[in-house]
Amino acid sequence: MTTTAPSPVALTSRFATELPELALAWQAEEAPDPQLLALNRPLAGELGLDADWLQSAEGVRFLVGNAVPDGAHPVAQCYAGHQFGGYAPRLGDGRALLLGEIDALGGRDLHLKGSGRTPFARGGDGLAVVGPMLREYVVSEAMHALGIPTTRSLAVVATGRRVQRETALPGAVLARIASSHLRVGSFQYAAATGDVDLLDRLTRHAIARHYPEAAQAPNPALALYEAVVAAQASLVAKWMLVGFVHGVMNTDNVTISGETIDYGPCAFLDAFDPATTFSSIDQGGRYSYGNQPVVLEWDLARLGEALLPLVHDDQEEAVSQVTEALGAFRREYSAAWSVGLRAKLGLAGSRDGAEPVVEDLLGLLQRDHPDFTSFFRALADAADGDAAPARDLVLDRDGFDRWLARWQSLEPDSGLMRRTNPVVIPRNHLVEEALSAATAGDLDPFGRLLDAVSRPFEARPGFGRYAEPAPESFGAYTTYCGT
Ligand code: AMP
Ligand code: MG
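Rules of the game
Residues numbered from 1 in each chain as written. Chains lettered and ligands numbered in written order. Predicted model: local features only at pLDDT ≥ 70, side-chain atom pairs only at ≥ 80, totals over all residues. Heavy atoms only, no water. Axes fitted to C-alpha atoms, helices over the stretch in contact; angles between N-to-C directions. Helix = DSSP H or I, 4+ residues; strand = E, 2+ residues; numbered from the N terminus. Parallel < 35°, antiparallel > 145°, perpendicular 65-115°, else oblique. Left-handed = near helix turned anticlockwise from the far one by under 90°. Contact = heavy atoms within 4.5 Å. Nonpolar A, V, L, I, M, F, W, Y, C, P; charged D, E, K, R; others polar. Donors = N, O, S within 2.8 Å, 3.2 Å for Na, K, Ca; no water. Buried < 20%, exposed > 50% of the residue type's maximum accessible area, 1.4 Å probe, protein only. Phe/Tyr/Trp six-rings, centres within 6.5 Å; stacked < 30°, edge-to-face > 60°. Near = heavy atom within 4 Å. Polar contact = N/O pair within 3.5 Å; in protein donor to acceptor, adjacent residues only side chain to side chain. Areas by Shrake-Rupley, 256 points an atom, 1.4 Å probe, with all protein chains shown as cover. Domains from an automatic or database assignment. Pairing = 2+ DSSP bridges.

## Some points on the packing of helix 7 (residues 196-210) against helix 8 (residues 220-242)
Then, in step 1: Packing of helix 7 against helix 8 leaves a shortest axis separation of 10 Å and a crossing angle of 55°. One finds that helix 7 runs oblique with respect to helix 8. As for how helix 7 packs across helix 8, the hand of that crossing is left-handed. Side by side, helix 7 and helix 8 meet where T203, A206 and I207 of the first sit next to P220, A221 and L224 of the second.
Then, in step 2: For the contact of helix 7 with helix 8, the per-class residue count stands at 5 nonpolar, 1 polar and no charged.

## Brief notes about the coordination of the magnesium ion (ligand 2)
Then, in step 1: Here the magnesium ion (ligand 2) is held by the protein donor atoms N253 (OD1) and D262 (OD), which lie 1.9 to 2.2 Å from it.
Then, in step 2: Judged by relative accessible area, which is 9%, N253 ranks as buried.
Then, in step 3: On the basis of relative accessibility, which here comes to 16%, the residue D262 falls in the buried class.

## Considerations on the packing of aromatic side chains
Then, in step 1: All told, the structure shown has 17 aromatic pairs when counted by the stated rule.
Then, in step 2: Note on F244 and F268: the rings are 5.4 Å apart at their centroids and 65° apart in plane angle, and the pair reads as edge-to-face. Taken together, the residues span a long stretch of sequence, with F244 in strand 12 (residues 244-245) and F268 in strand 13 (residues 267-268) at a distance of 24 residues. Each member of the pair, F244 together with F268, is buried.
Then, in step 3: Pairing F375 with F376 gives two aromatic rings, centres 5.9 Å apart and planes at 75°, and the pair type is edge-to-face. The exposure classification of F375 matches that of F376, with both residues buried.
Then, in step 4: Among the aromatic residues, ring-to-ring pairing joins F272, Y289, F372, F375, F376, F400, W403 and W407 into one connected group.

## Quick look at the site of ligand 1
Then, in step 1: Not every one of the 18 residues close to ligand 1 is listed here, only the nearest: G92, G94, G126, N253 and D262.
Then, in step 2: Contact distances for ligand 1 include 3.1 Å between a nitrogen atom and a side-chain N or O atom of D125.
Then, in step 3: When ligand 1 sits alone it has 490 Å² of accessible area, and the protein chains cover 86% of it.
Then, in step 4: Considered class by class, the residues forming the shell around ligand 1 number 4 nonpolar, 7 polar and 7 charged.
Then, in step 5: Formed jointly, the shell around ligand 1 draws a minimum of three residues from each of two domains, domain 1 (3-178) and domain 2 (184-339).

## Considering the pairing of strand 9 (residues 108-113)
Then, in step 1: Summarising burial for strand 9: 6 of the 6 residues are buried, a large majority.
Then, in step 2: Burial along strand 9 is two-sided: R108, L110 and L112 and D109, H111 and K113, pointing in opposite directions, are all buried.
Then, in step 3: Here strand 8 (residues 96-102) pairs with strand 9 via 6 bridges, running antiparallel. The residue of strand 9 that forms the bridge with L98 is H111.

Quick look at the structure:
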């Protein structure tokens, strides 16, 4: 039974109070035998939460939504979204709850995923299982360690319930921390109601939480839009620079804050290939690695459409202003990508002759498909005079040697390269290994992987296998949504 009790955690309900039309009061399903599998003690500390209490029986009940702090009002959030290009007018949290906001780090949502069916569940069972929730935990923490804006993972708790997937699997709830769960789909939903007051309140709420300077702009809604475009252009450039494939960039999975959200079918590139997709349902490659910037621009156009009534009373004028604001996306993305790629190559600042060298490297990557992460890291050694490891990763050795001489003449900064190019990413084969073991009850491989990805730029003794590409025998990798 869900109980309310005095609790060391104070939660506010700003979203639920300011935007009741987007918030449906709801309770988590009872977890029969909750057991803590992972707790992010450093994050708990940053949030001012008592990690020892979170580990206690009452703390664990709190982490699955069964012990609701006095004064908290858990809600399922309502939103719409374009899924693979098709509009779904009413998605919402089918298996998640916003428990409330924590007044730390400038305000953070505490959200539960896998907490049971809600009225938005449609055909789904409202549940989640251990493997995918630990997957979100380890990949989101890896992204954070890589310096990429992301939601964070506070805890994963096994519920003690069996959940039917292809086989019966152990159920779990993920406690997720985000600067908010506002998404493009939230604005699409508000706009579709035709209630301009709701859209206006949502806009003010988003501005206050994420872009307070926009409140002072002559046109706050347009300023919000410009800020989201800039944040998302920067975000997707960071994904591209580290070889991250999100996998399901539907408009309900694109945040207003500019944080990466929803680690369902995501995965990192091994071999460089722009056409790479991992998701079982992405047959057309809509969300392939190379398509991510273009599809994000498409998603941001949907946000622009939703904001039109607030941008200007005259629709034509509104469309023209939003179109111009969206035009910044390509410039901002290209600039962030170029600066980032030069840093990956140790070429900070402006250097004469760098541009064609960078361009030609991209050509080499396209032709030879080296392991993306290993190759850039090996180039740091090449900058220090040992080119053999990088050379071993390409097919056209003569072409590589010619390129290398030109690049070395630019005097690349190997220190910058080692701060920019990770040694360790959550490699698909290692993630699978850790999750299979965890599902069978052995959390050790998960713990070691988490440790490895938490310090991604350090080549640490004993962590060699976390830097290696997948063995040939691992084969093609497929990921799944909504697991
Ligand atoms: P996602 O692609 O994971 O962001 O999910 C898209 C939509 O499907 C959201 O509205 C989710 O709440 C919902 N959903 C995903 N899995 C389930 C599930 N097992 N039960 C109920 N709803 C789900
Ligand atoms: Mg989602």
